[in-house]
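Fold and contact review
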Amino acid sequence: MSFAPVDEQMATVTRGVVDLVVRGELEARLRESHTSGKPLRVKAGFDPTRPDLHLGHAVLLQKMRQFQDLGHTAILLVGEFTAMVGDPTGQNDLRPRLSRDDVRAAAKTYTEQAFKILDPARTELRSNAEWIDKLTPGEMVELMAKMTVSRMLERNDFGQRFADEKPIYQHEFLYPLLQGYDSVALDCDIELGGTDQLFNLLVGRDLMPKYGLRPQMVMTTPILEGTDAKLVNGKVAGKKMSKSADNYIGLMEEPLSMHRKIMQIDDDVIFRYFELLSARTNAELAALKEERAAGKSPMVIKALFAREIITRFHDEAKATEAAAEFARVYSGDAIPEDVAEHTLACEGPTLWIAKALSEAKLVSSTSDGKRMVEQGGVEVDQVRVTDAKLGLERGKRYLLRVGSKNRKFAYVTIKP
RNA sequence: GGAGGGUUACCCGAGUGGCCAAAGGGAGCAGACUGUAAAUCUGCCGGCUAUGCCUUCGAUGGUUCGAAUCCAUCACCCUCCA
């Protein structure tokens, strides 16, 4: 195995990271691997608690992929045992614990999605049940004897809860220890995690020398902002990507939907996404930024990102198709292919437009429908309706459209 | 165990007998401008074929011509004292 020069590797792997403990050590170890030809062992663990992942989760995986592309080995560690303990990080309360079956099922869907990013040939897929299940009570005590309570209380959420006199159960202290023990068992060179994991990762670093191993380096990746993030004073600002804030792009999402959401990202924020998720090299990104500064259309740049992401999670043909469909339906004025059909009953001589919109589920109520018409947000057969009292005639078929930004279509046929 | 404060629409929050379908802000939606970006401006933001009617201010019951507003009971939350 021949590796790229160390400074080049450093530039790639440190892109976008939040914490790096310790930079010099990482350089040294990369140099060592460069000489010996031995790849670094790069660990990242996850608790398979949620089934569907979004781009925010992909940031960490992308970072691992960068290590892989440089020739190193990724260790994807399934926290089969620790998931049952429940990591209290970021929680103000105790987290619910899962059964082993739940965990296994979730792990399966998780890894399927993770391998859209990771290179399976350079990935070790492991479960920490392998070694934690085998720990004897004596070994467990020994592990616990390597960490003090006050050290645990340094962790923000524990400290806060202690100060607030909220309960901290003893098994919760076990979580960071077990996670750290995983690093011991795997003898890894570096562990990656989200910034909220910093404490846990450092426990691993502390533990390793106590077991006679060289301490791992620790690197944390940022939490990706949602698709509604803005650029404020040169910095990306916004809520983190999450399902509940509805500002996420799911890894399993439909190509067209992915494309649309990416095109809606703020022009200046797209580079944040590139930095954290693109497989493009630093040089390529720098070139792209220059082109942008020189006046290249931000839409073209966003489309590049959309293409890369859709190709990764679906395939290239789907990416092309999505781009074309997007141009046709949204940029142009075409009608999408899958428009719902409704047949509506009618009591009077005609069916009130507001009622029709409501029954076709384009609006939430007749009042809402009436409002939409009054505000000029409704088209019937591609012509804007201005009369809020308009009646649709029996026996005819109409194409209804509401809104433009989030346009919705439906065909309705009024029963004769 | 004692004392006090609170619960208002998606969220925050004003309102303490009629002028309250309920101020203001945020979110959201529509329109203008655009590139379905951002920013900005305008409007909307409980339901109902509607100058009116119906349902809503933690729940239930009451006082009143009239209740988000007063009274009683219940539920939940918070603060202080023990």
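Residues numbered from 1 in each chain as written. Chains lettered and ligands numbered in written order. Predicted model: local features only at pLDDT ≥ 70, side-chain atom pairs only at ≥ 80, totals over all residues. Heavy atoms only, no water.

Quick word on the sheet that holds strand S15 (residues 408–414)
Selection rule: At least two DSSP bridges between two strands are needed for those strands to be called paired. Helix and strand definitions follow DSSP, with helices as H or I runs of at least four residues and strands as E runs of at least two, each counted in order from the N terminus.
Sheet architecture is open: five strands sit in the order S9-S15-S14-S11-S12, paired in mixed fashion. In this open sheet, the two strands that pair with only one neighbour each are strand S9 (340–344) and strand S12 (383–384). Bridge count between strand S11 (residues 378–380) and strand S14 (residues 397–402): three bridges; the pairing is antiparallel. Residue pairing in the sheet places Val378 in a bridge with Val402 of S14.

Description of the protein's contact with RNA strand B
Applicable threshold: The nearness test applies per residue and asks whether one of its heavy atoms lies within 4 Å of the molecule or strand. N or O atoms closer than or at 3.5 Å make up a polar contact, with two conditions inside protein: a donor-capable atom paired with an acceptor-capable one, and, for residues adjacent in sequence, both atoms drawn from side chains. Each residue is assigned to one of three groups, with Ala, Val, Leu, Ile, Met, Phe, Trp, Tyr, Cys and Pro labelled nonpolar, Asp, Glu, Lys and Arg labelled charged, and all others, Gly among them, labelled polar.
Lining the immediate environment of RNA strand B, one finds 28 residues, of which Tyr330, Thr366, Ser367, Arg371 and Lys405 sit closest. Expressed as a percentage, the sugar and phosphate content of the atoms of RNA strand B within 4 Å of the protein is 61%. Measuring from a base nitrogen of RNA strand B, one finds a side-chain N or O atom of Lys302 at 2.9 Å. Mapped by element, the contributors of at least two residues to the surface near RNA strand B are helix H15 (298–313), helix H16 (316–331) and helix H18 (366–374). Examining the composition of the surface near RNA strand B, we find that five residues originate from one element, H18, more than from any other. Residue classes in the surface near RNA strand B are distributed as seven nonpolar, 11 polar and 10 charged.

What to know about unusual backbone geometry
Excluding glycine, most residues fall at negative phi; most peptide bonds, likewise, are trans. Along the chain, Val21 connects to Val22 via a cis peptide bond; the corresponding omega equals -5°. Mapped onto the secondary structure, Val22 falls in the loop between strand S1 (19–21) and helix H2 (23–36). For Asp187, which is not glycine, the phi dihedral falls at a positive 45°. Turning to its location among the elements, Asp187 is positioned in the loop between helix H10 (170–186) and strand S5 (190–194).

Quick word on the pattern of salt bridges
Rules: Salt bridges are identified by distance alone: a Lys or Arg side-chain nitrogen within 4 Å of an Asp or Glu carboxyl oxygen. Working definition: with a 1.4 Å probe on protein chains only, accessible area under 20% of the residue-type maximum means buried, over 50% means exposed, and in between means partly exposed.
Summed over all chains, the structure comprises 25 salt bridges. In this structure, Glu112 engages Lys108 in a salt bridge whose closest nitrogen and oxygen atoms are separated by 3.3 Å. Here Glu112 pairs with Lys108, and both are found in helix H5 (residues 100–114), just four residues apart, close to one helical turn. We classify Glu112 as partly exposed; its relative accessible area is 46%. Here Glu308 makes a salt bridge to Arg280, at a shortest N to O gap of 2.6 Å. With Glu308 in helix H15 and Arg280 in the loop between helix H13 (270–277) and helix H14 (282–293), this residue pair connects regions lying 28 residues apart in the sequence. On the basis of relative accessibility, which here comes to 14%, the residue Glu308 falls in the buried class. For Arg280, a relative accessible area of 23% puts it in the partly exposed group. Within the structure, one salt-bridge network assembled from shared partners comprises Arg41, Glu124, Arg126 and Glu130.

Some points on H5
Where we set the bar: Expected helix span is computed as 1.5 Å times (number of residues minus one). What the arc measures is the spread of directions leading from the helix axis to the C-beta atoms.
Here H5 is 15 residues long and its end C-alpha atoms lie 20 Å apart, about the 21 Å a rise of 1.5 Å per residue gives. Restricting attention to buried positions, one finds in H5 the residues Val103, Ala106, Ala107, Tyr110, Thr111, Gln113 and Ala114. End-on, the buried residues of H5 take up no more than an arc of 150°, which puts them together on one face. Among the exposed residues of H5, those oriented more than 90 degrees off its buried face are Asp101 and Lys108.

Focus: the domain arrangement of chain A
Just so we agree on the cut-off: Domain ranges listed in this record stem from an automatic or a database domain assignment. Note on definitions: a residue-residue contact is assigned when non-hydrogen atoms from the two residues lie within 4.5 Å. Buried area is understood as the total, over both parts, of accessible area removed when two parts are fitted together, assessed with a 1.4 Å probe.
We note that the domain assignment places domain 1 (6–221), domain 2 (230–330) and domain 3 (340–414) within chain A. Between the C-alpha centres of domain 1 and domain 2 there is a distance of 29 Å. In this complex, domain 1 contributes 16 residues to the contact, which on the side of domain 2 involves 22 residues. Summed over both sides, the interface of domain 1 with domain 2 buries roughly 1,700 Å², with 61% coming from carbon and sulfur. Counting every contact that joins domain 1 to domain 2 gives zero salt bridges. The element that contributes the greatest number of residues to the side of domain 1 that touches domain 2 is helix H3 (residues 55–69), accounting for six residues.

Some remarks on the confidence of the model for chain A
Quick note on the threshold: A residue's pLDDT is simply how confident the predictor is in it, with values from 0 to 100.
On average, residues of chain A carry a pLDDT of 86, and 93% of them reach 70 or more. Per-residue pLDDT stays below 50 along residues 90–95; that stretch engages in 14 contacts with residues further than four places along the chain or on separate chains. Both scores are available for the predicted complex, with the pTM at 0.79 and the ipTM at 0.80.

A word on the sheet that holds strand S6 (residues 217–221)
To keep things clear, this is the line we draw: A fitted line through C-alpha atoms represents every axis, and for helices the fit uses only the stretch in contact; the resulting angles, taken between N-to-C directions, go from 0 to 180 degrees.
Reading across the sheet, the six strands line up as S1-S6-S5-S2-S3-S4 and stay open at both edges, with mixed pairing between neighbours. Strand pairing shows two members of the sheet lacking a second neighbour, S1 and strand S4 (123–127), which therefore form its edges. Looking at each pair of strands side by side, their axes are set apart by 20° on average, direction ignored. Where strand S3 (residues 73–78) and S4 come together, five bridges link them in parallel fashion. Counterpart to Val78 in the pairing with S4 is Ser127. Across the face of the sheet, H2 comes into contact with S1, S5 and S6 while running at roughly 110° to S6. Contacting strand S2 (41–46), S3 and S4, H5 runs over the sheet at an angle of about 160° to S3.

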